[in-house]
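If you want the building blocks of each chain, they are given just below.
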Amino acid sequence: MTKYPFSLPELGYNDNALEPYIDGQTMNIHRTKHHQAYVSKANEILAKYPDLQSQPLEDLLRNLNNLKIDEADKAALKNNGGGHLNHCLYWEIMGPKKEVDADLIEKVEETFGSVAEFKKALTAQALGRFGSGWAWLTETKDKTLKVYSTANQDSPYLQGDKPLIGLDVWEHAYYLKYQNRRPEYVEAFWNVLKLF
Ligand code: MN3
């Protein structure tokens, strides 16, 4: 659960720990500039609505349509609150050392047939997303696993799903090292995803 006031999480590893797959400069700018901007903006919005400050950000996004707030603030909360949660997960699931999640692998195998098939499915979503967005492995309300992508910073919580793996395919996540070569970045991601 993530509550106001939001803050930039520490990485559990150094900026350059994911090299050569993701370079240190990208990691540093991505977290301390891009992610920080989402944190600051999300805080600015909630500063206007004391009633909402005690609610987890996950719940605010789940109930976004019903929030009694200004429409422009609603859109900004979707973008910046989503941006904050999406990035927290992204930093968390990566690392220089594998911390394999055996339960998740078992579920993935049940759902997709094999880890290889799952990787194919997530890769297809990551490469098929036109423009900026994310590719996701999520758990739906009925506890089934689903792979899809969202545009911009749209969070799976908006549709009531819990994100388990999030792959950032905004150019800021890979442009310094890979330029236009998103497929190479997506392939590299599997090396730094610590859960598999
Ligand atoms: Mn990003």
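Here the residue numbers are simple positions, counted from 1 along each chain's written sequence. Only residues with pLDDT of 70 or above have their local features reported here, since the model is predicted, and side-chain atom pairs are shown and tallied only from 80 upward, although totals for entire chains, interfaces and linings are computed over all residues. As a rule here, side-chain values come from all non-hydrogen atoms in the structure, and water together with hydrogens is ignored.

Let's shift gears to the packing of helix α4 (residues 102-112) against helix α5 (residues 115-128). Note on method: axes are straight lines fitted to C-alpha atoms, helices fitted across the in-contact stretch only, with angles between N-to-C directions ranging 0 to 180 degrees. Helix and strand definitions here come from DSSP, where helices need a minimum of 4 consecutive H or I residues and strands a minimum of 2 consecutive E residues; each element is numbered from the N-terminal end. For the pair α4 and α5, interaxial distance at closest approach is 8 Å and the crossing angle is 75°. Overall, the two elements α4 and α5 adopt an arrangement that is roughly perpendicular. Judged by residue contacts, I105, V108, E109 and F112 of α4 engage V115, E117 and F118 from α5. Grouping the amino acids of the contact of α4 with α5 by side-chain chemistry returns 5 nonpolar, no polar and 2 charged. Reported orientations rely on four angle classes, namely roughly parallel under 35 degrees, roughly antiparallel over 145, roughly perpendicular from 65 to 115, and oblique for the rest. Whether two residues are in contact is decided by their heavy atoms, any of which lying within 4.5 Å being enough. Three classes are used, and their members are as follows: Ala, Val, Leu, Ile, Met, Phe, Trp, Tyr, Cys and Pro are nonpolar, Asp, Glu, Lys and Arg are charged, and the others, Gly among them, are polar.

The working definition used for a salt bridge is a side-chain nitrogen of Lys or Arg within 4 Å of a carboxyl oxygen of Asp or Glu. Enumeration according to the criterion identifies 9 salt bridges in this entry. For E99, the salt bridge goes to K194, with nearest N and O atoms at 3.8 Å. Linking E99 in the loop between α3 (71-93) and α4 with K194 in the segment after α7 (182-192), this pair joins segments that are 95 residues apart in sequence. We call a residue buried when its accessible area falls under 20% of the maximum for its residue type, exposed when it is over 50%, and partly exposed in between, using a 1.4 Å probe and counting protein chains only. With relative accessibility at 12%, the residue K194 sits in the buried group. Its salt-bridge partner being K143, residue E139 comes within 3.6 Å of it at the nearest N-O pair. For K143, a relative accessible area of 57% corresponds to the exposed category. One salt-bridge network, held together by shared partners, links K107, E139 and K143.

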